[in-house]
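Structural overview for review
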Amino acid sequence: MIQLSEVHKSFTVKDRKTRLTKRIDAVRGISLEVRPGEIYGLLGPNGAGKSTTLRMIAGLMEPDTGSIHVCGHETRQKPEAVRGCLGYLSTDMGVYARFTPRELLRIFGEFQDVDPKVAERRGLHLLEKLQLADFADVKMEGFSSGQKQKVSIARALLHDPKVVIFDEPTTGLDVLTAKTVLDLLRIMREEGRTVIVSTHVMPMVEDICDRVGIIFDGKLHGDAPPRDLLQSRHAKSLDEVFFQLAAESEGGN
Ligand SMILES: Nc1ncnc2c1ncn2[C@@H]1O[C@H](COP(=O)(O)OP(=O)(O)OP(=O)(O)O)[C@@H](O)[C@H]1O
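The sections below set out a description of the structure shown in this document.

Calculation rules
Within every chain, residues take consecutive numbers counted from 1 along the sequence as written. This being a predicted model, a pLDDT of at least 70 is required before a residue's local features are given, and a value of 80 or more before pairs of side-chain atoms are given or counted; all residues contribute to the totals for chains, interfaces and linings. Hydrogens and water are ignored here; the side-chain numbers use all heavy atoms of the structure. Two cysteine sulfur atoms make up a disulfide if the distance between them is within 2.5 Å. Runs of E in the DSSP output that reach at least two residues are strands. Runs of H or I that reach at least four are helices, and both are numbered from the N terminus. Axis lines are fitted to C-alpha atoms, over the contacting stretch for helices. Their N-to-C directions set the angle, which ranges from 0 to 180 degrees. Any angle that falls under 35 degrees is termed roughly parallel, while one over 145 is termed roughly antiparallel, one within 65 to 115 roughly perpendicular, and all others oblique. Helix crossings fall into two classes, left-handed where the near helix is turned counterclockwise from the far one by less than a right angle and right-handed where it is turned clockwise. A contact between two residues is defined here by any heavy atoms of the two lying within 4.5 Å. Any residue outside Ala, Val, Leu, Ile, Met, Phe, Trp, Tyr, Cys, Pro, Asp, Glu, Lys and Arg is labelled polar, Gly included; the first ten of those are nonpolar and the last four are charged.

Here we come to the state of the cysteines. For the structure shown, the criterion picks out 1 disulfide. Residue C71 pairs covalently with C85 via a disulfide, S to S 2.3 Å. Residues C71 and C85 are joined by a disulfide whose S-S torsion is about 105°; by sign, that bridge is right-handed. You can see C71 sitting in the loop between β4 (65-70) and β5 (73-74) and its partner C85 sitting in helix α2 (residues 79-85), a full 14 residues away along the chain.

What follows is about the packing of helix α5 (residues 145-157) against helix α6 (residues 175-190). Two numbers describe a pair of packed helices, the interaxial angle and the distance between the axes. Where α5 meets α6, the closest approach of the two axes is 10 Å, and the angle between their N-to-C directions is 15°. Taken together, α5 and α6 sit at an angle that is classed as roughly parallel. As for the relative orientation of α5 and α6, their crossing is right-handed in sense. Here G146, K150, I153 and L157 of α5 lie close against α6, whose contacting residues are T177, T180, V181, L184 and M188. Residues of the contact of α5 with α6, tallied by class, amount to 5 nonpolar, 3 polar and 1 charged.

So, in C-alpha coordinates, the structure goes:
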(Lines give C-alpha, C1' and ligand atoms only; values in the text may rest on other atoms or scores of the structure.)
Protein backbone atom coordinates (compact mmCIF):
# COMPACT_ATOMS: atom_id res chain seq x y z
CA MET A 1 0.00 0.00 0.00
CA ILE A 2 1.17 3.52 -0.85
CA GLN A 3 -0.42 6.57 0.79
CA LEU A 4 0.46 10.20 0.17
CA SER A 5 -1.21 12.95 2.14
CA GLU A 6 -0.85 16.60 1.12
CA VAL A 7 2.75 16.20 -0.02
CA HIS A 8 4.72 19.31 -1.00
CA LYS A 9 8.26 19.56 -2.34
CA SER A 10 10.10 22.61 -3.62
CA PHE A 11 13.67 23.22 -4.76
CA THR A 12 15.73 26.36 -4.63
CA VAL A 13 17.87 26.84 -7.71
CA LYS A 14 20.29 29.54 -8.78
CA ASP A 15 19.99 31.05 -12.24
CA ARG A 16 23.42 30.66 -13.87
CA LYS A 17 23.29 33.99 -15.69
CA THR A 18 21.56 36.30 -13.19
CA ARG A 19 22.87 34.44 -10.10
CA LEU A 20 19.43 35.03 -8.57
CA THR A 21 17.80 32.20 -6.65
CA LYS A 22 14.32 31.02 -7.48
CA ARG A 23 11.96 28.49 -5.98
CA ILE A 24 10.51 25.63 -8.00
CA ASP A 25 7.37 24.14 -6.51
CA ALA A 26 7.79 20.66 -8.00
CA VAL A 27 5.01 18.95 -6.01
CA ARG A 28 2.09 20.95 -4.65
CA GLY A 29 -0.19 19.14 -2.25
CA ILE A 30 -0.46 15.67 -3.77
CA SER A 31 -2.62 13.07 -2.00
CA LEU A 32 -3.16 9.63 -3.42
CA GLU A 33 -3.50 5.99 -2.43
CA VAL A 34 -2.45 2.86 -4.32
CA ARG A 35 -3.71 -0.49 -3.04
CA PRO A 36 -2.29 -4.02 -3.31
CA GLY A 37 -3.23 -5.67 -6.61
CA GLU A 38 -3.55 -2.31 -8.35
CA ILE A 39 -1.53 -0.56 -11.07
CA TYR A 40 -1.63 3.22 -10.72
CA GLY A 41 -0.44 5.32 -13.67
CA LEU A 42 1.12 8.71 -13.04
CA LEU A 43 0.97 10.81 -16.19
CA GLY A 44 2.31 14.23 -16.89
CA PRO A 45 4.40 16.37 -19.23
CA ASN A 46 8.14 16.98 -18.76
CA GLY A 47 8.90 18.69 -15.48
CA ALA A 48 5.41 18.09 -14.05
CA GLY A 49 6.69 16.47 -10.85
CA LYS A 50 6.35 12.74 -11.55
CA SER A 51 9.93 11.68 -10.76
CA THR A 52 10.06 13.91 -7.68
CA THR A 53 6.88 12.24 -6.41
CA LEU A 54 8.25 8.75 -7.08
CA ARG A 55 11.62 9.55 -5.48
CA MET A 56 9.82 10.70 -2.33
CA ILE A 57 7.72 7.51 -2.27
CA ALA A 58 10.96 5.50 -2.63
CA GLY A 59 12.38 7.33 0.40
CA LEU A 60 15.22 8.86 -1.65
CA MET A 61 14.01 12.40 -1.04
CA GLU A 62 12.07 13.86 1.86
CA PRO A 63 8.86 15.84 1.39
CA ASP A 64 8.89 19.40 2.77
CA THR A 65 5.46 18.89 4.27
CA GLY A 66 2.84 16.16 4.21
CA SER A 67 3.32 12.46 4.83
CA ILE A 68 4.05 9.34 2.81
CA HIS A 69 3.44 5.79 4.01
CA VAL A 70 4.69 2.70 2.18
CA CYS A 71 3.71 -0.76 3.51
CA GLY A 72 2.53 1.07 6.64
CA HIS A 73 5.94 2.74 7.26
CA GLU A 74 6.34 6.52 7.25
CA THR A 75 9.14 7.26 4.77
CA ARG A 76 10.97 9.80 6.97
CA GLN A 77 10.77 7.73 10.14
CA LYS A 78 11.48 4.28 8.66
CA PRO A 79 13.45 4.80 5.43
CA GLU A 80 15.19 1.40 5.66
CA ALA A 81 11.95 -0.51 6.20
CA VAL A 82 10.48 1.38 3.23
CA ARG A 83 13.47 0.58 0.99
CA GLY A 84 13.25 -3.09 2.00
CA CYS A 85 9.63 -3.44 0.91
CA LEU A 86 9.83 -1.59 -2.39
CA GLY A 87 11.47 -2.07 -5.76
CA TYR A 88 12.33 1.15 -7.55
CA LEU A 89 13.23 1.49 -11.21
CA SER A 90 14.51 4.98 -12.00
CA THR A 91 15.16 6.61 -15.35
CA ASP A 92 18.89 6.81 -14.65
CA MET A 93 19.51 3.33 -13.31
CA GLY A 94 22.90 2.28 -14.64
CA VAL A 95 24.15 -1.24 -15.23
CA TYR A 96 27.83 -2.04 -14.90
CA ALA A 97 29.05 -3.03 -18.34
CA ARG A 98 31.90 -5.23 -17.16
CA PHE A 99 29.55 -7.55 -15.27
CA THR A 100 27.14 -10.16 -16.57
CA PRO A 101 23.47 -9.96 -15.46
CA ARG A 102 24.02 -12.95 -13.16
CA GLU A 103 27.02 -11.24 -11.48
CA LEU A 104 25.19 -7.92 -11.12
CA LEU A 105 22.14 -9.59 -9.58
CA ARG A 106 24.37 -11.50 -7.16
CA ILE A 107 25.93 -8.22 -5.98
CA PHE A 108 22.56 -6.51 -5.58
CA GLY A 109 21.22 -9.55 -3.77
CA GLU A 110 24.04 -9.08 -1.24
CA PHE A 111 23.19 -5.37 -0.88
CA GLN A 112 19.58 -6.30 -0.18
CA ASP A 113 20.51 -9.09 2.26
CA VAL A 114 18.88 -11.75 0.10
CA ASP A 115 20.12 -15.30 0.69
CA PRO A 116 22.59 -15.98 -2.20
CA LYS A 117 20.76 -19.15 -3.34
CA VAL A 118 17.41 -17.37 -3.28
CA ALA A 119 18.92 -14.41 -5.17
CA GLU A 120 20.35 -16.76 -7.82
CA ARG A 121 17.04 -18.59 -8.29
CA ARG A 122 14.91 -15.47 -8.25
CA GLY A 123 17.31 -13.54 -10.53
CA LEU A 124 17.23 -16.29 -13.17
CA HIS A 125 13.46 -16.56 -12.89
CA LEU A 126 13.13 -12.79 -13.51
CA LEU A 127 15.54 -12.94 -16.46
CA GLU A 128 13.42 -15.76 -17.91
CA LYS A 129 10.21 -13.74 -17.51
CA LEU A 130 11.98 -10.84 -19.20
CA GLN A 131 13.24 -13.13 -21.99
CA LEU A 132 16.87 -12.45 -21.11
CA ALA A 133 17.88 -15.79 -19.57
CA ASP A 134 20.07 -16.69 -22.58
CA PHE A 135 22.19 -13.61 -21.79
CA ALA A 136 22.59 -14.30 -18.06
CA ASP A 137 26.32 -14.98 -18.45
CA VAL A 138 27.15 -12.46 -21.17
CA LYS A 139 29.02 -9.27 -20.24
CA MET A 140 26.68 -6.31 -20.52
CA GLU A 141 29.06 -4.05 -22.46
CA GLY A 142 27.40 -4.87 -25.80
CA PHE A 143 23.83 -4.88 -24.49
CA SER A 144 21.10 -2.86 -26.22
CA SER A 145 19.20 -0.24 -24.19
CA GLY A 146 16.25 -2.66 -23.98
CA GLN A 147 18.44 -5.44 -22.60
CA LYS A 148 19.98 -3.04 -20.06
CA GLN A 149 16.49 -1.91 -19.02
CA LYS A 150 15.47 -5.53 -18.47
CA VAL A 151 18.49 -6.10 -16.22
CA SER A 152 17.60 -2.95 -14.25
CA ILE A 153 14.06 -4.27 -13.83
CA ALA A 154 15.32 -7.65 -12.60
CA ARG A 155 17.60 -5.81 -10.16
CA ALA A 156 14.69 -3.70 -8.85
CA LEU A 157 12.56 -6.81 -8.24
CA LEU A 158 15.23 -9.15 -6.91
CA HIS A 159 14.27 -8.83 -3.23
CA ASP A 160 10.62 -9.68 -3.97
CA PRO A 161 9.19 -6.24 -3.07
CA LYS A 162 5.52 -5.79 -2.15
CA VAL A 163 5.53 -2.32 -3.68
CA VAL A 164 6.85 -1.64 -7.18
CA ILE A 165 7.72 1.84 -8.43
CA PHE A 166 8.63 2.11 -12.11
CA ASP A 167 9.62 5.53 -13.46
CA GLU A 168 9.06 5.50 -17.23
CA PRO A 169 9.73 1.77 -17.66
CA THR A 170 9.09 1.62 -21.42
CA THR A 171 10.78 4.82 -22.58
CA GLY A 172 13.14 4.07 -25.45
CA LEU A 173 12.00 0.46 -25.79
CA ASP A 174 10.69 -1.12 -28.99
CA VAL A 175 7.12 -2.44 -28.94
CA LEU A 176 8.12 -6.05 -28.32
CA THR A 177 10.39 -5.21 -25.38
CA ALA A 178 7.78 -2.78 -24.01
CA LYS A 179 5.19 -5.57 -24.18
CA THR A 180 7.45 -7.88 -22.14
CA VAL A 181 7.75 -5.16 -19.47
CA LEU A 182 3.99 -4.51 -19.45
CA ASP A 183 3.27 -8.25 -19.18
CA LEU A 184 5.58 -8.36 -16.16
CA LEU A 185 3.66 -5.46 -14.57
CA ARG A 186 0.42 -7.40 -15.11
CA ILE A 187 1.98 -10.40 -13.34
CA MET A 188 2.99 -8.07 -10.46
CA ARG A 189 -0.65 -7.02 -10.15
CA GLU A 190 -1.89 -10.64 -10.23
CA GLU A 191 0.59 -11.42 -7.45
CA GLY A 192 -1.10 -8.73 -5.34
CA ARG A 193 1.73 -6.20 -5.46
CA THR A 194 1.12 -2.47 -5.27
CA VAL A 195 2.37 -0.91 -8.51
CA ILE A 196 2.86 2.74 -9.44
CA VAL A 197 4.25 3.64 -12.82
CA SER A 198 5.00 6.99 -14.45
CA THR A 199 4.87 7.45 -18.18
CA HIS A 200 4.26 9.71 -21.16
CA VAL A 201 2.87 6.80 -23.17
CA MET A 202 -0.93 7.19 -23.11
CA PRO A 203 -1.94 3.89 -24.78
CA MET A 204 0.11 2.04 -22.18
CA VAL A 205 -1.87 3.71 -19.41
CA GLU A 206 -5.22 2.96 -21.01
CA ASP A 207 -4.09 -0.62 -21.50
CA ILE A 208 -2.77 -1.63 -18.09
CA CYS A 209 -3.58 0.97 -15.40
CA ASP A 210 -6.48 0.49 -13.02
CA ARG A 211 -6.38 4.15 -12.04
CA VAL A 212 -4.69 7.20 -13.47
CA GLY A 213 -3.53 10.46 -11.93
CA ILE A 214 -2.43 13.28 -14.19
CA ILE A 215 0.18 15.67 -12.79
CA PHE A 216 0.31 19.20 -14.09
CA ASP A 217 2.54 21.82 -12.46
CA GLY A 218 2.98 19.63 -9.40
CA LYS A 219 -0.77 19.15 -8.84
CA LEU A 220 -2.74 15.96 -9.28
CA HIS A 221 -5.80 15.91 -11.55
CA GLY A 222 -8.04 13.01 -12.31
CA ASP A 223 -7.15 10.05 -10.09
CA ALA A 224 -9.77 7.70 -11.54
CA PRO A 225 -9.98 4.61 -13.75
CA PRO A 226 -9.01 5.61 -17.32
CA ARG A 227 -12.56 5.01 -18.63
CA ASP A 228 -14.15 7.18 -15.90
CA LEU A 229 -11.64 9.92 -16.61
CA LEU A 230 -12.58 9.91 -20.30
CA GLN A 231 -16.31 9.95 -19.49
CA SER A 232 -16.08 12.76 -16.95
CA ARG A 233 -14.15 14.91 -19.44
CA HIS A 234 -16.15 13.85 -22.51
CA ALA A 235 -12.87 12.84 -24.11
CA LYS A 236 -12.12 10.03 -26.57
CA SER A 237 -8.57 9.41 -25.40
CA LEU A 238 -6.24 10.25 -22.54
CA ASP A 239 -4.28 12.38 -25.01
CA GLU A 240 -7.38 14.56 -25.29
CA VAL A 241 -7.69 14.82 -21.49
CA PHE A 242 -4.04 15.77 -21.41
CA PHE A 243 -4.57 18.59 -23.95
CA GLN A 244 -7.63 19.84 -22.03
CA LEU A 245 -5.62 20.03 -18.81
CA ALA A 246 -2.74 21.79 -20.59
CA ALA A 247 -5.18 24.40 -21.96
CA GLU A 248 -6.79 24.86 -18.51
CA SER A 249 -3.34 25.19 -16.93
CA GLU A 250 -2.30 27.84 -19.46
CA GLY A 251 -5.63 29.65 -18.97
CA GLY A 252 -5.02 29.70 -15.22
CA ASN A 253 -1.51 31.17 -15.53
N1 LIG B 1 17.13 18.00 -7.49
C2 LIG B 1 16.50 19.01 -8.07
N3 LIG B 1 16.95 20.28 -7.94
C4 LIG B 1 16.32 21.32 -8.50
N5 LIG B 1 15.19 21.19 -9.24
C6 LIG B 1 14.69 19.96 -9.41
C7 LIG B 1 15.32 18.80 -8.84
N8 LIG B 1 14.58 17.71 -9.18
C9 LIG B 1 13.56 18.16 -9.93
N10 LIG B 1 13.61 19.50 -10.07
C11 LIG B 1 12.65 20.35 -10.79
O12 LIG B 1 11.36 20.01 -10.32
C13 LIG B 1 10.41 20.00 -11.39
C14 LIG B 1 9.78 18.63 -11.49
O15 LIG B 1 10.78 17.72 -11.96
P16 LIG B 1 10.50 16.14 -12.14
O17 LIG B 1 11.79 15.51 -12.53
O18 LIG B 1 9.80 15.62 -10.94
O19 LIG B 1 9.48 16.13 -13.38
P20 LIG B 1 8.97 14.92 -14.26
O21 LIG B 1 7.47 15.05 -14.33
O22 LIG B 1 9.50 13.62 -13.77
O23 LIG B 1 9.59 15.28 -15.68
P24 LIG B 1 10.17 14.34 -16.86
O25 LIG B 1 9.00 13.67 -17.49
O26 LIG B 1 10.82 15.33 -17.77
O27 LIG B 1 11.14 13.39 -16.24
C28 LIG B 1 11.20 20.42 -12.64
O29 LIG B 1 11.03 21.82 -12.81
C30 LIG B 1 12.63 20.08 -12.28
O31 LIG B 1 13.54 20.91 -12.97
